[in-house]
Amino acid sequence: MRALRAIFRKVMDTVFLRRCKICNSIIAEEGERHICMGCWRNITLIGKPLCSCCGKPLQISYDLSEGLNDYICGTCREKHPIFDSARSICRYDGVLKELIHVYKYNRVKSLGNDFVSLIIDHIKSGNAIHPRPNIIMYVPLHRGKLKERGFDQSYILARGIGNYLNIPLITDNLSKSMETEPQVKLSGNERLRNVRGAFMVKKPDEIRKINLLLIDDVFTTGTTVNECAGVLKRAGTARVDVLTLARTV
Amino acid sequence: MKYYDLSKLFRERPLVPILLAYITGIIPGRFFPPSILSYLIPFLIVVTGVVLFIPKGRSRQFAALILTTSVLFGQVMMIVPDLFRPRNHILYLYSDDKVSLEGRLYMPPEITTKKVRLYLDAERLYKEDMDEGYDVSGRVRITIYETGIQVKYGDKILVKRVRLHRPGSFKNPDAFNYETYMADRGIYVIGGVSRNKRIEVVERAEYVDIFAFIYGIKKRMIDFIDSTLPDREASIIKGMVLGERGTIPRDIRRIFIESGIAHLLAVSGLHIGFIAFTIFYLLKKVIFYLLFYLIPGWARRGMTIKIAAFVTIFPILLYSILVGDRISSVRATIMVIVYLLSILFDRENDLYNTLVIAALLILLWRPASIFDVGFQLSFTAVLSIIYIYSGFLRQKPEQDRDILSGDKVSITPTPSLPHQRGGGGKWRSLYDNFIYRRLYKYILVSLFVTLGTLPLIAYYFNRLTIYGFLVNLLVIPIASVVVPLSLISSILSLISTPLAAILIKIPSILITFLLNIAKFSLTIPYSTIRLPTPPLIAVISYYIFMWGIINIFGRSVSRDQEEKKVWIKPVSVMAGIIFVVSVSWNWLPSFNDGLLRVTFLDVGQGECSFIRFPDGKTMLIDAGGLAMGFDIGEGVVASFLWDQGISKIDYMVATHPDNDHIGGLFSIIREMKVKEFWDSGEMKEDKRIVDLRMLVQKKSIPVRIIRAGMELQEGNDIQIKILHPSDDFLEGLRSGKKSMANNLSIVLKVNYGRVSFLFPGDVGRAAEKHLLLRYGDDLRSTIVKVPHHGSMTSSSYRFVKGVHPDVAVISVGKYNPFRHPRDKIVRRYEKIGTSIYRTDRDGAVQVITDGEDYSVTTFP
């Protein structure tokens, strides 16, 4: 069976070439990756120290990380976000930024798997997500956007993480009822207005008094996930922790 | 020596070298007789290639192993039909006698305006004198020279009293080999009957398989189109959409060919791509809503596009079966399906690789397709498109995706648009999006397809369509409306005929419009140029040159192309020089080698002699006729002349008005430069010769009225003497005896030193007698073309004795109904020691002489 699989994979690789989405070179490694090892290494992961609330990495040149576990950044101290915590795997720049663009705007859905494995690797290497959530949810796309894109980028990430952590994924409860402008184009205040009231919870019973992990692709100012967290908490969720693939710094 | 490392190619696109090796295995078997050497050479080529281009190491061993296996496979594939042919194959069992044959149609009948072709899987063969037949196998094609027969795929029929034979070719130098062409399609034996009543349906198809179902639908669509539209439009739409080209009238076909848009008549990527696109697009919408409300997780996981891709495969397969197995449509089907599979398996579609896969699959299915013009044109056209896309039009590799879903979102605006910066507004964006992106690409793609296929069209069809590129620009958008609308109405006709009948009016009107554009383009002078066949080396050097030019001036795609450029320049300059030299070779005044070449062409039942004088001047005496709707003048004589590098005829002789002599001259006059037309000026009541004279007049060709006694000195050593008809003979006819067309044939004698040729046309006994009386010993000739195909009424004993030839050439067709040549006549020549050559047996007969000696070559 394994041999058959290997043959099938070989045939597939011969028929449909696997090229790196970044540098366009043929990927020699086995498996289903879409980025070559060279480009993969250029992805910058976010390490400690960081804001224990919003997950923003701190610009500290000397090693203080041990003592800074409970550090909270200026923005969060000024106005504590609605979500309980947010963490991101990598910086939203360079290779990863390009990859996410290809993923979302060129609709290369299969990149989702590469992102999932990036997240899983991160979790494996000791960056536990805690407290352990009861269920996983994602920041959904509006129907129109989903139809256009063909897939929901956050759902794919959430599904992968859920499968790995063996935590149930709840589909179609948190939903986006309003089509909004892409946040990328807007400034801080506009973003807030843009997403206000865009999300709703369909079945509040399902999420009452539980710890929830919310997945999104990119964390910029946190407006979108904060809005979602607000809606979820109003529906009775005990705790909302956010995990995004990337964040701006 | 620093060699170019191709191991990267082997690692990245291994199918490319595998395809090339496989083709290397296929090709020699066709051109060289089987011998150890011809089997070994392909291996040597491939192994040398591996040693030269792949560095030492495991990858070299691996490449050598894979590639030699591919060569071997190619060689084996070419001999498979010969190896596994059963003992009772029809090829071993047919004979010259009439037989009755029972078999089942493995394809729907092929219907044309005048005939119907049935393709049978032979089952039983009955000889004339036997009641019990015996089992046979193999495929047979039966042509009925009448339309209206009601048989369909799967029916078992009995063909009564048919003479089976090998597909006949006109056996001339470098000629198209019909026998091989048919054998490549698995047909070794064919036959023809004149009437439908010779076909008896033994058993109607009782089983309904998927093919019967599809052909049934096709039949209904054809009937709908036939009954709704005028014949002309109906035939074109059937050709364009359903792959039924048989009923397209000859003149319409000619318009399509001459204006350079014949490709529209073949179902190809344009059609299959369109259907795939439409179905995929609609399915995506429907499936999305279904999933979104029923299985939302699947919708979000991106299953919509996968399901849509999977489902789309089936209608594409159906359509592909419906339009038949032409290479262009099979190629397009494979490419579309590979694309859909790439979506299904979340993989990226590489267009080059997809094209190679299509080529490999087609060559596995029919290895000999590589020799097929259709194959070569189809693949060259698509390769040109892909090449231009990857070389000029591509900005980022990812954008290769989504050829089907069309609207793609590009993340980085094309950096190379100068007008994109600065102010804008509505018109600017229209300009950017439409004019630049679409129109510019469209024009560039059309241009490249034209440039890419041009040498092949020149090589195979001796044609350059000067405005073809522009006509295509206008016509393709029309066709891309005609195809979907016709198809939609055809499908609609299965549900509601009246509605479909209204809808199909639109494509019908557009077809008329399209035809008018094509017709108009032909009124422009020099719209289509005929040219002699360019040498193969010119074709090859053209491609190398074009490839080099694009690489030098095109936008470089990747960094390693910079390295390549070092040797691209000298190579393309070399190719350019070779191209110019090899093409202009044809146009240089030919070198006088002192040889007179006379070729008696195989034109079936008919006559055609071609003379090439030592100084390069040419004479054509007759050009065969029209046989069963096939124009021998165009298909055999002109094609022979083009292949010999001849584009002008200095003296064209029309001996007498019979179809089998002058029928073919019309196309020669239409397509070649004729300097002088020789005619007896007699037979004013014969419509054919009158038409020919009108055409000659229209083309402003000088006419020489031929009478006995005229003489022409050709160079220093050659005399052309006119022996017949003389004024005396004509007088004699006018005073009493009824006119005899054959006896008025022009008779020519060509003398070159000690060697002489006599061309007596179709003269009968009366003229022979007159010739003997008038010229006596002067009639003696070394080589004679036997008068009137060796019939009983010519070659009288005294004539044969008077001419006393060393060599007699009988121009005659196999199985002709007149039973020419008569054995008695043949014996009459043999008795006096003449060597007999027959075009039915020996093919073209070529006599080359220097005025002292002569040699005879045949092309059996």
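1. Remarks on the environment of arginine 530 of chain B
Residue and element names in this part refer to chain B. Relative to the elements of secondary structure, arginine 530 occurs in strand E10 (residues 528-530). Residue class for arginine 530 comes out buried when judged on its relative accessible area of 18%. Separated by 272 residues in the primary sequence, arginine 530 and glutamate 258 have C-alpha atoms spaced 9.9 Å apart. Apart from residues no more than four positions distant in its own chain, arginine 530 is found in contact with Phe461, Asn462, Arg463, Trp642 and Glu671. Within the structure, the side chain of arginine 530 is placed 2.9 Å from the backbone oxygen of asparagine 462, a separation counted as a polar contact. Within polar-contact distance, the side chain of arginine 530 engages the side chain of glutamate 671 at 2.9 Å.

2. Brief notes about the interface of chain A and chain B
Accessible area lost when the parts come together is the quantity often used to give the size of an interface. Counting residues at the interface gives 38 residues for chain A, matched by 35 residues for chain B. With both sides pooled, the region where chain A packs onto chain B buries about 3,500 Å², and carbon together with sulfur makes up 54% of that total. At the boundary of chain A with chain B, the tally comes to five salt bridges. A salt bridge links lysine 21 of chain A to glutamate 348 of chain B; its shortest N-O distance comes to 2.5 Å. One can count nine residue pairs in polar contact (both at pLDDT 80 or more) joining chain A with chain B. Those elements that place two or more of their residues in the side of chain A that touches chain B are helix H1 (2-15), helix H4 (94-105), helix H6 (143-149) and helix H7 (153-165) of chain A. For the side of chain A that touches chain B, the leading source of residues is H1 of chain A, giving six residues. Tallied by class, the residues present in the side of chain A that touches chain B amount to 16 nonpolar, eight polar and 14 charged.

3. Considering the pattern of salt bridges
Residues and elements named next belong to chain B. According to the stated counting rule, one finds 49 salt bridges over all chains in the structure shown. We note a salt bridge from aspartate 184 to arginine 30, for which the minimum N-O separation is 2.8 Å. Taken as a pair, aspartate 184 in the loop between helix H7 (178-183) and strand E7 (187-193) and arginine 30 in helix H3 (residues 28-31) lie far apart in primary sequence, 154 residues in all. Judged by its relative accessible area of 21%, aspartate 184 falls in the partly exposed class. In this structure, aspartate 226 engages lysine 238 in a salt bridge whose closest nitrogen and oxygen atoms are separated by 2.8 Å. Of this pair, aspartate 226 sits in helix H8 (residues 210-228) while lysine 238 sits in helix H9 (residues 231-242), and the two are twelve residues apart along the sequence. Owing to a relative accessible area of 6%, lysine 238 belongs among the buried residues under this scheme.

4. Topic: the sheet that holds strand E24 (residues 755-759) of chain B
Residues and elements named next belong to chain B. Overall, mixed pairing links the seven strands, which are arranged E21-E22-E23-E24-E25-E26-E27 in an open sheet. Two strands lie at the open edges of the sheet, namely strand E21 (711-714) and strand E27 (835-838), each paired on one side alone. Between one strand and the next, the sheet's axes are offset by a mean angle of 15°, whatever the strand orientation. Where E21 meets strand E22 (residues 718-724), four bridges bridge the pair, whose relative direction is antiparallel. The partner of glutamine 713 across the bridge, within E22, is glutamine 719.

5. With respect to a nonpolar patch on the surface
Residues and elements named next belong to chain B. Where nonpolar side chains cluster on the molecular surface, the patch consists of Val286, Tyr289, Leu290, Tyr293, Leu294, Ile295 and Trp298 and spans about 700 Å² of accessible area. Examining the composition of the nonpolar patch, we find that five residues originate from one element, helix H11 (residues 269-294), more than from any other. The residue leucine 290 is located in helix H11 in this model.

6. Focus: the sheet that holds strand E28 (residues 845-849) of chain B
All names here are of chain B. Spatially, E20-E19-E17-E13-E12-E11-E28-E29 is the arrangement adopted by the eight strands of the open sheet, whose pairing is mixed. Each having just a single partner strand, strand E20 (703-705) and strand E29 (854-858) make up the two edges of the open sheet. Neighbour-to-neighbour, the strand axes of the sheet open up by a mean angle of 15°, direction not taken into account. By the bridge criterion, four bridges tie strand E11 (residues 596-600) to strand E12 (residues 609-612) in an arrangement that is antiparallel. When the bridges of E12 are listed, arginine 597 appears paired with arginine 612.

7. Observations concerning the packing of aromatic side chains
A ring pair, where both rings are aromatic, is described by two values, the distance of the centres and the angle of the planes. Residues and elements named next belong to chain B. If you walk through the whole model with that rule in mind, you get 27 aromatic pairs over all chains. On the numbers, 5.1 Å between centres and 85° between planes, the contact of phenylalanine 292 with tyrosine 293 is edge-to-face. Assessed through its relative accessible area of 52%, tyrosine 293 is described here as exposed. Chaining the aromatic ring pairs together yields one cluster made of Phe288, Tyr289, Phe292 and Tyr293.

8. A word on a negative patch on the surface
A surface patch of like charges, here negative, comprises Asp96, Asp97, Glu128 and Asp129 of chain B. Among the secondary structure elements, aspartate 97 of chain B is positioned in the loop between helix H6 (90-93) and strand E1 (98-105).

9. Section: the domain arrangement of chain A
All names here are of chain A. Once the domains are mapped, chain A shows domain 1 (1-40) and domain 2 (76-247). Computed from C-alpha atoms alone, the centre-to-centre distance between domain 1 and domain 2 is 29 Å. Between domain 1 and domain 2 lies a buried interface of about 830 Å² when both sides are counted; carbon and sulfur atoms form 68% of it. When the area that domain 1 buries against domain 2 is broken down by residue, the three leading residues are Lys21, Ile22 and Trp40, summing to 57%. If you look at where domain 1 meets domain 2, you find zero salt bridges. Linking domain 1 with domain 2 are two residue pairs in polar contact (both at pLDDT 80 or more), by the criterion used here. Classifying every residue of the side of domain 1 that touches domain 2 by side-chain character gives four nonpolar, one polar and three charged.

Conventions and cut-offs
- Residues numbered from 1 in each chain as written.
- Chains lettered and ligands numbered in written order.
- Predicted model: local features only at pLDDT ≥ 70, side-chain atom pairs only at ≥ 80, totals over all residues.
- Heavy atoms only, no water.
- Helix = DSSP H or I, 4+ residues; strand = E, 2+ residues; numbered from the N terminus.
- Buried < 20%, exposed > 50% of the residue type's maximum accessible area, 1.4 Å probe, protein only.
- Contact = heavy atoms within 4.5 Å.
- Polar contact = N/O pair within 3.5 Å; in protein donor to acceptor, adjacent residues only side chain to side chain.
- Buried area = accessible area lost by both parts, 1.4 Å probe.
- Salt bridge = Lys/Arg side-chain N within 4 Å of Asp/Glu carboxyl O.
- Nonpolar A, V, L, I, M, F, W, Y, C, P; charged D, E, K, R; others polar.
- Pairing = 2+ DSSP bridges.
- Axes fitted to C-alpha atoms, helices over the stretch in contact; angles between N-to-C directions.
- Patch = residues over 30% accessible without salt bridge, like charges linked within 9 Å, V, L, I, M, F, W, Y side chains within 5 Å.
- Areas by Shrake-Rupley, 256 points an atom, 1.4 Å probe, with all protein chains shown as cover.
- Phe/Tyr/Trp six-rings, centres within 6.5 Å; stacked < 30°, edge-to-face > 60°.
- Lys, Arg positive; Asp, Glu negative; His and termini not counted.
- Charge placed at Lys NZ, Arg CZ, Asp CG, Glu CD.
- Domains from an automatic or database assignment.

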